[in-house]
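Okay, here's what each chain looks like letter by letter:
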Amino acid sequence: MFYIEIFTVICLGLVLGSFSTALIYRVPKKLPWGAERSACPKCKANLGVLDLVPVLSWCLSAGKCRHCSDEISAVYPLTETVSGALCVFIYLVYGLNISSLFLMASVPFLIALCVIDLKYMILPNQLVFILMGIGGARLLYLFSLDENFQTTDILTVYITGAFAYGFISWFLGFVLTKVLKKNSLGFGDVKFFMVAGLWLGIYALPYFMILSGTLAIVFALGWRMAFKQDVFPFGPALIVSFYFLLLLQGFF
Ligand SMILES: [Zn+2]
């Protein structure tokens, strides 16, 4: 049973990763997600089923387009592999059930946000709002499991969580902007904090702040050394902390 389940999860993770690469390519260019078929960016040849098997297609074609032999970036199979791995970790902690499917459904959007923020320094609204939507659906599901209808618990833990995370991050950004005299925290980041609050709940707030703050400092130093820039994307630190704490909550 374990092998069947893990095989299913790996396949699901790879397919979600493939979806994620489509988001990374299409969302910043404001292209519709699924309206048109995937095509080679160079020769525009439509990609068939054979070209679209995650990871495998790339390996079999040695990283080249079958039509024009142009190189296909290794970012694609890499993204798919990361997505597969993130889903496997979720499975190992939570098993395969409706609850864990909500978490896996968030994976392609988390990866897309992370990569898009690294490339363009924005967290696109539509992706953040989708994560908020999946988080809301998960709350409704958790609520439906609760036979005693202890609404107040879900309300206080998650919904006040969303507002508390949002408010504190906005406030910190406001103070930092005054002190450093430059824009320190984008509104995209504040919205992501709200999403984190909605998923993680209010009790995880201090851990999220400490973890994402620490990661952001490490990341900012690395960014400065690599690119000689003071401005760095905050999203990846937030997204890594979010995913890590979500996994960690599975142990409690
Ligand atoms: Zn091509």
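Quick caveat: nothing in here was measured; it's all calculated off a predicted structure.

A. Spatial organisation of the coordination of the zinc ion. Coordination of the zinc ion by the protein involves Cys-40 (SG), Cys-43 (SG), Cys-65 (SG) and Cys-68 (SG), with metal-donor separations of 2.3 to 2.4 Å. Along the chain, the residues that donate to the zinc ion are spaced as C-x2-C-x21-C-x2-C.

B. Seen up close, the nonpolar core. Core analysis: the biggest nonpolar cluster contains 51 residues, and Leu-113, Leu-127, Tyr-165, Phe-192, Leu-200, Phe-208 and Phe-242 have the highest contact counts within it. Breaking this core down by element, the ones donating at least two residues are helix 1 (2-26), helix 3 (75-94), helix 4 (98-120), helix 5 (125-145), helix 6 (151-180), helix 7 (187-200), helix 8 (205-227) and helix 9 (235-248). The element that contributes the greatest number of residues to this core is helix 4, accounting for 11 residues. Within the second largest apolar cluster, 6 residues are counted, among which are Ile-154, Val-157, Tyr-158 and Leu-198.

C. Just a nonpolar patch on the surface, in detail. A surface patch of nonpolar side chains, amounting to about 1,000 Å² of accessible area, comprises Phe-167, Ile-168, Trp-170, Phe-171, Leu-172, Phe-174, Val-175, Leu-176, Val-179, Leu-180 and Phe-187. The element best represented in the nonpolar patch is helix 6, accounting for 10 residues. Here Trp-170 shows up in helix 6. Residue Trp-170 is classed as partly exposed on the basis of its relative accessible area of 37%.

D. Structural view of the domain arrangement of the chain. Per the domain assignment, the segments making up the chain are domain 1 (1-120) and domain 2 (122-252). A C-alpha centroid distance of 24 Å is found between domain 1 and domain 2. With 23 residues of domain 1 at the interface, the matching set in domain 2 holds 29 residues. For the pairing of domain 1 and domain 2, the buried interface totals around 2,400 Å² over both sides, and the portion due to carbon and sulfur atoms is 80%. Counting across the interface, domain 1 meets domain 2 through 0 salt bridges.

Procedures and definitions
- Positions within a chain are numbered from 1, following the residues in the order the chain's sequence is written.
- At least 70 in pLDDT is required for a residue's local features to be given in this predicted model, at least 80 for side-chain atom pairs to be given and counted, and no such filter applies to totals for whole chains, interfaces and linings, which use all residues.
- Side-chain figures throughout are based on the complete set of non-hydrogen atoms in the structure, without hydrogens or water.
- Any N, O or S atom lying within 2.8 Å of the metal counts as a donor, and for Na, K and Ca the limit rises to 3.2 Å; water is left out, so some sites can look incomplete.
- For the purposes of this section, nonpolar cores are sets of buried Ala, Val, Leu, Ile, Met, Phe, Trp, Tyr and Cys residues that join through side-chain atoms within 4.5 Å.
- When accessible area is computed with a 1.4 Å probe and restricted to protein chains, residues below 20% of their type maximum are described as buried, those above 50% as exposed, and intermediate ones as partly exposed.
- The helix and strand labels rest on DSSP assignments: H or I over at least four residues marks a helix, E over at least two residues marks a strand, and numbering proceeds from the N terminus.
- Within the patch definition used here, like charges are joined within 9 Å and nonpolar side chains (Val, Leu, Ile, Met, Phe, Trp, Tyr) within 5 Å, considering only residues with over 30% relative accessible area and no salt bridge.
- The Shrake-Rupley method, run with a 1.4 Å probe sphere, supplies the accessible areas, and residue values consider only the shown protein chains as cover.
- We define a salt bridge as a contact between a side-chain nitrogen of Lys or Arg and a carboxyl oxygen of Asp or Glu at a distance within 4 Å.
- Annotation comment: domain bounds sourced from an automatic or database domain assignment.
- Only heavy atoms enter the contact rule, under which two residues are in contact if any of them lie within 4.5 Å.
- Buried area is a sum: the accessible area each of two parts loses on coming together, probed at 1.4 Å, counted once for each and added.

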